[in-house]
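# Secondary and tertiary structure notes
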2 protein chains.
Amino acid sequence: MLSKSCVYALRAIVYVGHNSSENHKIGIKEIGEELDLPVHFLSKILQSLVKHNILQSTKGPHGGFYINEVSGKIKLLRIIEVVDGLSFFHKCGLGMHECSDTHPCPLHDDFIVFREGLYKIFATKTINDLVKKVEDGNAFIQNLNTKN
Amino acid sequence: MLSKSCVYALRAIVYVGHNSSENHKIGIKEIGEELDLPVHFLSKILQSLVKHNILQSTKGPHGGFYINEVSGKIKLLRIIEVVDGLSFFHKCGLGMHECSDTHPCPLHDDFIVFREGLYKIFATKTINDLVKKVEDGNAFIQNLNTKN
DNA sequence: ATATAAAAAGACCTAAATATCTTTTAATAT
DNA sequence: ATATTAAAAGATATTTAGGTCTTTTTATAT
């Protein structure tokens, strides 16, 4: 449903939110290692988040990624929008072009419940909400003795 | 969520269920044209459904695809299983290896509602259910003046 | 100013999903 | 038996997602 890029983005941003501050930035290498994600690929993804002002970064010594006040309040949906686009939340589950409430495909009424439920979750929760969850003990860092 | 292959499979099988009988089989060409799907690609997908006894076919003149009593009662989940596999319904929405009710990722509790709801739909509805929906007027054939 | 450290950018590679084209096999009608 | 028709099977091409490697830019500390 969410692409790998998108999931990587979410996990990385939560890691940064959880571990960084204005004067302690997190390097891409650390993020990749801790989350067991491909560093260079992740780097591209974070670049794009930075461009969209969802994440902050600075270059040079002691540089790295961090997150500011404003970014913490960004909704997960915004990240999905930037990385994957929002078509998932609009398009027909059976791939029909002309599927809608008035002209529904045979699965429309069933699908729509879940599509909209998910939408609401993503449209409501913020990065900070996830960071808080992690601070309250939710799983987050990949178990070290397993691999994708 | 469902791959194109899977969605093609569902639509094709409903088309066949709706239009075929023991003595009127439907050719792959007709299916492809009516549903506006790539014929040869669809052909592969249907081949696999036939192999798994989800769909019936015969070769030769007046051959084609059809659906028998038993197949009509097959659950949508079975088609998904054959085409895409069922990993979607088990794996973590944030791609964590070790995500579970007792060791949940920060989105686990939200995701699981949606995943299980969808699962129940697919595990309950049969091909015949969709065919009936279509016969009751649900959208199904692609609008002819739109293209993917 | 210079060296250094770290992200940004660019070029490239790989694998999987999707799609097309060709040949073979198997029913059926003649 | 033979011709014909349609699916099955095989080979190949294209596109997209995912991933790696190298070079450039920029901030910082010395």
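Quick note: structure is the one above.
Residues numbered from 1 in each chain as written. Chains lettered and ligands numbered in written order. Predicted model: local features only at pLDDT ≥ 70, side-chain atom pairs only at ≥ 80, totals over all residues. Heavy atoms only, no water.

The next thing to look at is the nonpolar core. Core analysis: the largest hydrophobic core is formed by 94 residues, its most contacted members being I31 and F122 of chain A together with I31 and F122 of chain B. With residues up to four places along the chain from it excluded, the contact list for I31 of chain B reads A12, Y15, V16, I26, D36, L42, L46 and F65 of chain B. (Core = buried A, V, L, I, M, F, W, Y, C linked by side-chain atoms within 4.5 Å. Buried < 20%, exposed > 50% of the residue type's maximum accessible area, 1.4 Å probe, protein only. Contact = heavy atoms within 4.5 Å.)

Least-squares fitting of chain A to chain B yields an RMSD of 0.1 Å, with the superposition described by an axial translation of 0.0 Å and a rotation of 180°. The operation mapping one copy onto its partner corresponds to a two-fold rotation axis. Among all residues of chain A, the minimum C-alpha distance to the rotation axis is found for M1 of chain A, at 2.3 Å. Mapped onto chain B, 100% of the interface residues of chain A are again interface residues, and the two copies thus contact each other with one and the same surface. (Least-squares fit on C-alpha atoms with pLDDT ≥ 70 in both.)

This paragraph deals with the protein's contact with DNA strand C. If you check the shell around DNA strand C, you find 26 residues, and the closest are G27, I28, K44 and S57 of chain A together with F41 of chain B. The separation between a phosphate oxygen of DNA strand C and a polar side-chain atom of S57 of chain A is 2.8 Å. By residue number, the principal contributor to the surface near DNA strand C is helix α3 (residues 39–51) of chain A, which donates 4 residues. Classifying every residue of the surface near DNA strand C by side-chain character gives 9 nonpolar, 11 polar and 6 charged. (Near = heavy atom within 4 Å. Polar contact = N/O pair within 3.5 Å; in protein donor to acceptor, adjacent residues only side chain to side chain. Helix = DSSP H or I, 4+ residues; strand = E, 2+ residues; numbered from the N terminus. Nonpolar A, V, L, I, M, F, W, Y, C, P; charged D, E, K, R; others polar.)

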